[in-house]
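# Structure assessment
So the chains spell out like this:
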Amino acid sequence: MKFNTGKELIKLCNDLEHSIYEVMILRECELSGKSKHEIINEMHSSYDIMKQAVKSGVTKDIISISGLTGGDAKKIFENSASIHGPVCGAFMKKAMAYSMGVLEVNASMGKIVAAPTAGSSGIIPGAFIALQEEYNLHDEKLIKALFTASGVGLLISKNATVAGAEGGCQAETGSAAAMAAAGIVELMGGSPEEALHAAAIALKNILGLVCDPIAGLVESPCEKRNGLGVSNALISAEMVLCGVTSIIPFDEVVEAMYKVGRSLPFELKETALGGLAATPTGKNIKIQIFGDE
Ligand code: SF4
């Protein structure tokens, strides 16, 4: 199961008449020497951790170690402060709360699945668990979608980066949204080609986003970017499932993302020296947390 590009992955899928998730499961079996059953069980464990993080994130009173974030996911989930119905619809609001809840769990040193990173760990669970509840889907389907998502993450890691320190936030939350979008498309019956169209669209939507965490902590703006990322994933998948395609092919979008990331100044790549981290408020927050160093 060797492939280095999206084009090669699609060819493999077409030659074998497999979905991306089937190719990814077989690849894992080959690489690890484990059985299909073992590989699927391991993914199941990851999905259970995602579910637990979502549940904690929207039901517990979480405050991060720094005190910078916490309580927003629960606020959105409970709708406690809203005087009107949801602007984005109940489903999107739930997905948003779930994704943000995972980031709050991460910031309070709770257990999450870094898919692909801790800073972007809310997007896949937010989208998948909200979809599972909406359509009453069996876990098995979501496990398959996680393998699809992993295929996209693998391709981006091989040909670009998923690290904010190397490629900016586009590489983290953009990749997570691309992974989630592809997983949703296959989950909802789309083809491997369509899954990569959705991944390409999600990545394009966020191209150029810088990494500028306040006080250098993976909290803000990270949490809200996960809320945005989940909507990016769902919207990109929706476009493709309605027949829309990405004008620029997936592989070229990944290459463009990498080039954009490399051309970003170091201040905008997780150093907390630029962007929101360098605003007067961002600097003040850093002093409040760490003192005047
Ligand atoms: S701002 Fe930086 S640390 Fe935060 S999610 Fe984006 S890439 Fe990760």
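These remarks concern the structure in this document. Counting of residues starts from 1 at the beginning of each chain's written sequence and follows it residue by residue. Side-chain atom pairs in this predicted model are given and counted only at pLDDT of 80 or more, local residue features only at pLDDT of at least 70, and totals for whole chains, interfaces and linings cover all residues.

### Some words on the nonpolar core
- Core membership is restricted to buried Ala, Val, Leu, Ile, Met, Phe, Trp, Tyr and Cys residues, and these are joined into a nonpolar core through C-beta atoms within 7 Å. In this scheme every C-beta is placed from the backbone, and a residue whose C-beta has 20 or more other C-beta atoms within 10 Å is buried, one with 12 or fewer is exposed, and one in between is partly exposed. The biggest cluster of nonpolar side chains holds 90 residues, and the ones touching the most others in it are Ala127, Ala180, Ala181, Ala182, Ile184, Ala199 and Ala233.
- Counting from the N terminus, the helices are DSSP H or I runs at least four residues long and the strands are E runs at least two residues long. Top element by residues in this core is helix α9 (residues 169-187). It accounts for 12 residues.
- Contact between two residues is assigned whenever their backbone-derived C-beta positions fall within 7 Å. Residue contacts for isoleucine 184: discarding those within four places in its chain leaves Ala127, Leu131, Ala145, Ala233, Leu234 and Ala237.

### What about unusual backbone geometry?
- At the junction of alanine 115 and proline 116, the peptide bond is cis and its omega measures out at 5° in the coordinates.
- Mapped onto the secondary structure, proline 116 falls in the loop between α5 (90-107) and α6 (123-135).
- Note that the residue after serine 220, namely proline 221, is joined by a cis bond; omega there is 15°.
- A positive phi angle is found at glutamate 17, which is not glycine, with a value near 55°.
- Its location among the elements puts glutamate 17 in the loop between α1 (6-16) and α2 (20-32).
- Phi is positive for asparagine 136, close to 50°, though the residue is something other than glycine.

### Quick notes on the site of the ligand
- For each residue, a C-beta position is placed from the backbone atoms; the residue is near a molecule or strand when that point lies within 6 Å of it. The local shell around the ligand holds 14 residues, among which Gly119, Gly164, Cys169, Cys211 and Cys222 are the closest.
- When contributions to the shell around the ligand are tallied by element, the ones reaching two or more residues are α9 and α11 (222-241).
- Counting residues per element, the shell around the ligand draws most heavily on α9, at 3 residues.
- Any residue that is not Ala, Val, Leu, Ile, Met, Phe, Trp, Tyr, Cys, Pro, Asp, Glu, Lys or Arg is counted as polar, Gly included; the first ten are nonpolar and the last four charged. Split by residue class, the shell around the ligand holds 6 nonpolar, 4 polar and 4 charged.

### Considerations on helix α3 (residues 36-59)
- With 24 residues, α3 should cover 34 Å at 1.5 Å per step; its first-to-last C-alpha distance of 35 Å lies within 8% of that length.
- By the burial criterion, the buried members of α3 are Ile39, Met43, Tyr47, Met50, Ala53, Val54, Ser56, Gly57 and Val58.
- Among the structural elements, α2, α4 (72-78), α5, α6 and α7 (139-159) are those in contact with the buried residues of α3. Residue count minus one, scaled by 1.5 Å, sets the expected span of a helix.

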